Amino acid sequence: MSCLTAHPQSIFDKRFMKILFQYVYGSGGALANLVRLVDAVANVAPDAELVIMCSPESALKELDCRGNVSIEVYGEESWKVFWRFRLGFSGLKAAVQKHRPDIVWSVNTGAFGTLPCPQVVQLNNPYHVYPLSMARHHPRGRVAVMILRQVFAQTLKHSSTLVCQTQVMADSAVRLFNYDGRVEVIGKAVGNDAHRQSEISDAAKETGKRNRFNFGYVATGYPHKNHAVLLEACRTLASQRNNFQLHLSLTREEITSLGGAASASLIDQGVVVPHGWLNPASLPDFYRSLDACVMPSLTESLSSAHLEAMAFALPQINANLPYAHELCGNAALYADPLNAEDWATQMAALMDNAALQDRLGNAGAARHAAMPKEWSDVARQWVTLLQSVASAS
């Protein structure tokens, strides 16, 4: 991570603003996106001061290269549950007393009591609000999800504003917790992909020359990503035709742990292709090699995999769930996330219909074009919101 260097005129007006941003123990793509967002906020509001409260190993510490950012290290890498509860009961309050911010911006977990300044809570974790039946797919199970929900509920009681990435999550949170405060929806940047149009055209020309139709799914091996239904669908489809492949961002070992001996056979037959984890630099080449994306995930907030498929004008088959419909709309086919036969049917239908492929791909590209391209665009929405909440208090 390298800090941005541009310093446009601050969009904070009239007075200095001090923000305490708190995200403890985040990881993966969610953390990477938050680093980009907070860095962009520091850039578009150079007259503001940001105090970042994070764990000792957090990538957020890299932002201390900015002149208007300071780091408050909190907790340890062990006993994370203890440190999270301590954060809610006393840790965040102590940080507020020390730094005296105008506003607190917390992610997923915040203060359990009233603070002397307003708290805005950003909800990124869908397990906090989606049906509890989904809890069995959480890596640590139902009990862990119930604890997360209780922690979030206490945070929400003492937050003046809730911010979600999607309307589905916002509606779910309001309904589940009877929240009557201010609610805003702010998404994430999807990247400036104008340079990809020629790449898409070239890839489209190559599609007709391929001997096999290439499906792809970029996701970790977490249970809620639901690879098992895809592997079973491929087994069904492979018994009927041999002109397709499924490319996964998992290792052979990860795939066989999810799908057992049958998935090992699919790999040996060349039906399923393990790529291992794909770093961001390798993603463009990966997507250019595909004809469509399949995404059966059972729970998401604002999925980068869907956005990346849209960026490359790729048709999608998605889980028939509200989060996917909100994001993708008419740019996808939908299948029952628990029915492998349904996935095999939709995959075959897409393979055999070039006009449908074009229609879905073009619809996705159009939806992608309407989304914010740069993190600075998203940061300005956040700065405007934070200033509004602080001023109202």
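Residues numbered from 1 in each chain as written. Predicted model: local features only at pLDDT ≥ 70, side-chain atom pairs only at ≥ 80, totals over all residues. Heavy atoms only, no water.

### Some remarks on the packing of helix H11 (residues 340–351) against helix H12 (residues 354–369)
At a minimum axis separation of 6 Å, H11 and H12 run at an interaxial angle of 100 degrees. Classed by the angle they form, the pair H11 and H12 counts as roughly perpendicular. When H11 is examined against H12, the residues Ala349, Leu350 and Met351 are found in contact with a partner set consisting of Leu356, Gln357 and Leu360. Split into classes, the residues belonging to the contact of H11 with H12 amount to 5 nonpolar, 1 polar and no charged. (Axes fitted to C-alpha atoms, helices over the stretch in contact; angles between N-to-C directions. Helix = DSSP H or I, 4+ residues; strand = E, 2+ residues; numbered from the N terminus. Parallel < 35°, antiparallel > 145°, perpendicular 65-115°, else oblique. Contact = heavy atoms within 4.5 Å. Nonpolar A, V, L, I, M, F, W, Y, C, P; charged D, E, K, R; others polar.)

### Considerations on the sheet that holds strand E6 (residues 161–164)
Spatially, E3-E2-E1-E4-E5-E6-E7 is the arrangement adopted by the 7 strands of the open sheet, whose pairing is parallel. On the outer flanks of this sheet lie strand E3 (69–73) and strand E7 (182–185), each paired with one strand and no other. Taken pair by pair, the neighbouring strands of this sheet meet at an average axis angle of 20 degrees, ignoring direction. Bridge count for strand E2 (residues 49–54) against E3 is 5 bridges, and the pairing is parallel. Residue pairing for E3: Ile52 is matched across the bridge by Ile71. (Pairing = 2+ DSSP bridges.)

### Overview of the pattern of salt bridges
What the rule picks out here adds up to 10 salt bridges. Put simply, Asp39 and Arg66 hold a salt bridge, and the shortest N to O gap is 2.7 Å. Here the residue Asp39 occupies a position in helix H1 (residues 28–44), and Arg66 occupies one in the loop between E2 and E3, the gap between them amounting to 27 residues. Residue classification places Arg66 among the buried residues on the basis of a relative accessible area of 5%. In this structure, the salt-bridge partner of Lys98 is Glu72, at a minimum N-O distance of 3.1 Å. In this pair, Lys98 is assigned in helix H2 (residues 80–99) and Glu72 in strand E3, connecting sequence segments 26 residues apart. (Salt bridge = Lys/Arg side-chain N within 4 Å of Asp/Glu carboxyl O. Buried < 20%, exposed > 50% of the residue type's maximum accessible area, 1.4 Å probe, protein only.)

### Quick look at a nonpolar patch on the surface
Taken together, the side chains of Val81, Phe85, Phe89, Val143 and Ile147 present a nonpolar region at the surface, about 490 Å² in accessible area. Listing elements by their share of the nonpolar patch, those giving two or more residues are H2 and helix H3 (141–157). No other element matches H2, which puts 3 residues into the nonpolar patch. (Patch = residues over 30% accessible without salt bridge, like charges linked within 9 Å, V, L, I, M, F, W, Y side chains within 5 Å. Areas by Shrake-Rupley, 256 points an atom, 1.4 Å probe, with all protein chains shown as cover.)

### Observations regarding the sheet that holds strand E9 (residues 244–248)
Strand order in the open sheet made by the 6 strands is E10-E9-E8-E11-E12-E13, with parallel pairing throughout. Two strands bound the open sheet, and with one partner strand each, they are strand E10 (272–274) and strand E13 (332–335). Shown here is a sheet whose adjacent strand axes are inclined to one another by a mean of 25 degrees, direction ignored.

### Focus: the state of the cysteines
The final tally for this structure, using the stated rule, is 0 disulfides. Not engaged in a disulfide, the cysteine Cys293 finds its nearest cysteine sulfur in Cys328; these two sulfurs lie 10 Å apart. (Disulfide = S-S within 2.5 Å.)

### Description of the environment of Val81
Along the polypeptide, Val81 turns up in helix H2. You can call Val81 exposed: its relative accessible area is 51%. When the C-alpha atoms of Val81 and Leu148 are compared, they prove to be 9.8 Å apart, with 67 residues separating the residues in sequence.

### Re the pairing of strand E5 (residues 119–123)
Counting buried positions along E5 gives 5 out of 5 residues, so the element sits mostly inside the fold. Alignment of strand E4 (residues 103–107) against E5, held across 4 bridges, turns out to be parallel. Bridging across to E5, Val104 finds its partner in Gln119. In this structure, E5 lies alongside E6, joined through 4 bridges in parallel fashion. By the bridge assignment for E6, Gln122 is matched with Val163.

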